[in-house]
Amino acid sequence: MGSYKEVRCIRCQKPMETAYYDSCPYCKAEGYNLNYETIYDCTGKRLPEKTDESEGIYRYKEFYSLGENAPYVSLGEGNTPLHKLNRIGREIGLNHLYMKDESKNPTMSHKDRMCSLIVSKALADKAPGIVISSTGNQGAAAAAYAAVAGLPCVVFTTPNVSETMKTLMQAYGAQVFVTPTMSDRGIIMEKLVREMGYYPASGLLSPPIGSSCFGVDGYKSIAFEVFEQLNNQVPDWFVVPISYGDTLYGISKGMKDLKEMGYIDRLPGLAAAEVFHAAERNLEQDNEIPIEQPGKPSIQTSIATGWVTCQTIKALKECKGVARTSNDEEALAMQKRFAKTEGIYAETASCASLVVLEKLVAEGRIKPDDKVIVLITSTGLKDPGTTNLYLPKVPCIEPTLEAFKKAMKDSYGLEV
Ligand SMILES: [Zn+2]
């Protein structure tokens, strides 16, 4: 017997039966564009024993909404390593810094946890295909899971999406399209959903209301895994790079489940790393419905938005939350520093979490002995073109020590 109860509107709390990717009809009538949340009762439940590594996120099946017998689509997602960061931890001023390495998922990002459940839901609902609007990671994940489910997948993306990301999505068999503007992506995606019955693997509405509530629950597994990897302890802080904030919200749901089960007696602090103050200002202003903050083009494509969902604000409020920004220069500098000190080449958007963490330690908000988890959501290999902006051109040299020493100095600034 699972712990899932029902789906409710996040605002008016009315239970909903259908169209979970659309706004609540009651609130919509009052002008609110809002999403649903899945409701669980975890009282008396226990986390299952770890018996088989390959189970991944489906070890926690009873904490999702699709039931025991849904046609689950899996590529072995989840069960990612928690790795202690000693060197950069010391530099930042922390004694217990860990990274949850989500680049170890099948399509190299945390989005696999959500897209696995979304495509499973589409299969259960007998949808003829998947449609998604994405800047990259979520599109790649949706394409891979649609492939293994045998469903067509259509991706609408932005003109500046990296070549690698485009290659990845097309290699998984998705049909990828660029539209002239962001709003055009939404218009055509909505037509595929409403007129062709395709299942949306990303939010359908603008202002955004978050991804499918059934899929967001996949992120609860991050909270469960980290709790177990810390030998059944709650961390003091989770630092999470956010776009609209589905991941952060999903982690908070997992932590609340753990509290309800009696494993923990407090929730961790949640820190959001963003680019344009969307969570920070909406939290400060205590906006019930978040207001868009101005943005501009950014290389941190996975998180470069001026929007945040009300679920994210709710999660931050419940978990002594805080949000800070990372600009492009800071993210690139951190990408280089992280790779050089820890041997981890992470996506610039992931490095934003380390930028923000360093700011929060300097502010005294996060203390030296706090146990901190940074979520590294994806690998730098998804967008090597951006990294190449700061790397020196590789010199071609004659096989002499003189030529080697000259090139070491000219290209790398090193005297040997
Ligand atoms: Zn409502």
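Because the structure is predicted, anything quoted here is derived from the model rather than measured. (Residues numbered from 1 in each chain as written. Predicted model: local features only at pLDDT ≥ 70, side-chain atom pairs only at ≥ 80, totals over all residues. Heavy atoms only, no water.)

## Side note on the overall build of the chain
If you tally the helices and strands in the chain, you get 15 helices and 12 strands. Computed over C-alpha atoms, the radius of gyration of the chain comes to 21 Å, within 12% of the 22 Å expected from 2.2 N^0.38 for 416 residues, which places it in the range of a compact globule. Taken along the three principal axes of its C-alpha coordinates, the chain extends 75 × 45 × 45 Å. In the chain, buried positions account for 56% of the 416 residues. The long-range share in the chain, meaning contacts at least 24 apart out of those at least 6 apart in sequence, stands at 70%. By element, 52% of the accessible surface of the chain is carried by carbon and sulfur atoms, the whole surface being about 17600 Å². Across the chain, the 46 positively charged side chains and the 51 negatively charged ones have centroids separated by 2 Å. (Helix = DSSP H or I, 4+ residues; strand = E, 2+ residues; numbered from the N terminus. Rg over C-alpha atoms; globule rule 2.2 N^0.38 Å. Buried < 20%, exposed > 50% of the residue type's maximum accessible area, 1.4 Å probe, protein only. Contact = heavy atoms within 4.5 Å. Areas by Shrake-Rupley, 256 points an atom, 1.4 Å probe, with all protein chains shown as cover. Lys, Arg positive; Asp, Glu negative; His and termini not counted. Charge placed at Lys NZ, Arg CZ, Asp CG, Glu CD.)

## What about the packing of aromatic side chains?
Counted according to the given criterion, the structure contains 7 aromatic pairs. Relative to Y72, the ring of Y58 has its centre 4.7 Å away and its plane inclined at 50°; by these criteria the two rings are tilted. With Y58 in the loop between strand 2 (36-40) and strand 3 (82-84) and Y72 in the loop between strand 2 and strand 3, this pair connects stretches of sequence that are 14 residues apart. Here a set of aromatic residues connected by ring pairs shows up, and it is made of Y58, Y64 and Y72. Sitting over the face of the ring of F214, K121 holds its NZ or CZ atom 4.4 Å from the ring centroid. Just above the ring of Y40 sits the side chain of K220; from NZ or CZ to the centre is 3.4 Å. (Phe/Tyr/Trp six-rings, centres within 6.5 Å; stacked < 30°, edge-to-face > 60°. Lys NZ or Arg CZ within 6 Å of the ring centre and 35° of its normal.)

## Examining the pairing of strand 9 (residues 237-241)
Counting buried residues in strand 9 gives 5 out of 5 residues, a clear majority hidden from the surface. Because side chains alternate across strand 9, one face comprises the buried residues W237, V239 and P241, and the other comprises F238 and V240, equally buried. The sheet contact formed by strand 9 and strand 10 (residues 269-274) spans 5 bridges and is parallel. The partner of V239 across the bridge, within strand 10, is A271. Between the parallel pair strand 9 and strand 10, the chain is carried across by helix 9 (residues 246-260), and the sense of this crossover is right-handed. Bridge count for strand 9 against strand 12 (residues 371-376) is 3 bridges, and the pairing is parallel. Note on strand 12: the bridge partner recorded for V239 is V374. (Pairing = 2+ DSSP bridges. Right-handed = clockwise from strand over helix to strand, strands pointing away.)

## What to know about the domain arrangement of the chain
The domain architecture assigned to the chain consists of domain 1 (82-108 + 215-387) and domain 2 (391-416). Distance between the C-alpha centres of domain 1 and domain 2: 38 Å. (Domains from an automatic or database assignment.)

## Remarks on the packing of helix 12 (residues 328-342) against helix 13 (residues 348-362)
Each pair of packed helices can be described by the angle between their axes along with the distance between the axes. Between helix 12 and helix 13, the least distance of the axes is 8 Å, while the angle of their chain directions is 95°. Classed by the angle they form, the pair helix 12 and helix 13 counts as roughly perpendicular. Between helix 12 and helix 13, the residues in contact are E330, A331, L332, M334, Q335, R337 and F338 and T348, C351, L354, V355, E358 and K359, respectively. Tallied by class, the residues present in the contact of helix 12 with helix 13 amount to 7 nonpolar, 2 polar and 4 charged. (Axes fitted to C-alpha atoms, helices over the stretch in contact; angles between N-to-C directions. Parallel < 35°, antiparallel > 145°, perpendicular 65-115°, else oblique. Nonpolar A, V, L, I, M, F, W, Y, C, P; charged D, E, K, R; others polar.)

## Let's talk about the coordination of the zinc ion
Within the protein, the atoms that donate to the zinc ion are C9 (SG), C12 (SG), C24 (SG) and C27 (SG), at distances of 2.2 to 2.4 Å. Each of the 4 donor atoms around the zinc ion contributes to a set of angles spanning 104 to 115°, which defines the coordination as tetrahedral. Between the donor residues of the zinc ion, the gaps in sequence give the motif C-x2-C-x11-C-x2-C. You can see C12 sitting in the loop between strand 1 (4-9) and helix 1 (25-29) and its partner C24 sitting in the loop between strand 1 and helix 1, a full 12 residues away along the chain. You can call C12 partly exposed: its relative accessible area is 27%. Overall, the relative accessible area of 0% leaves C24 in the buried class. (Donors = N, O, S within 2.8 Å, 3.2 Å for Na, K, Ca; no water. Tetrahedral: all angles 85-135°; square planar, octahedral: opposite > 155°, others 65-115°.)

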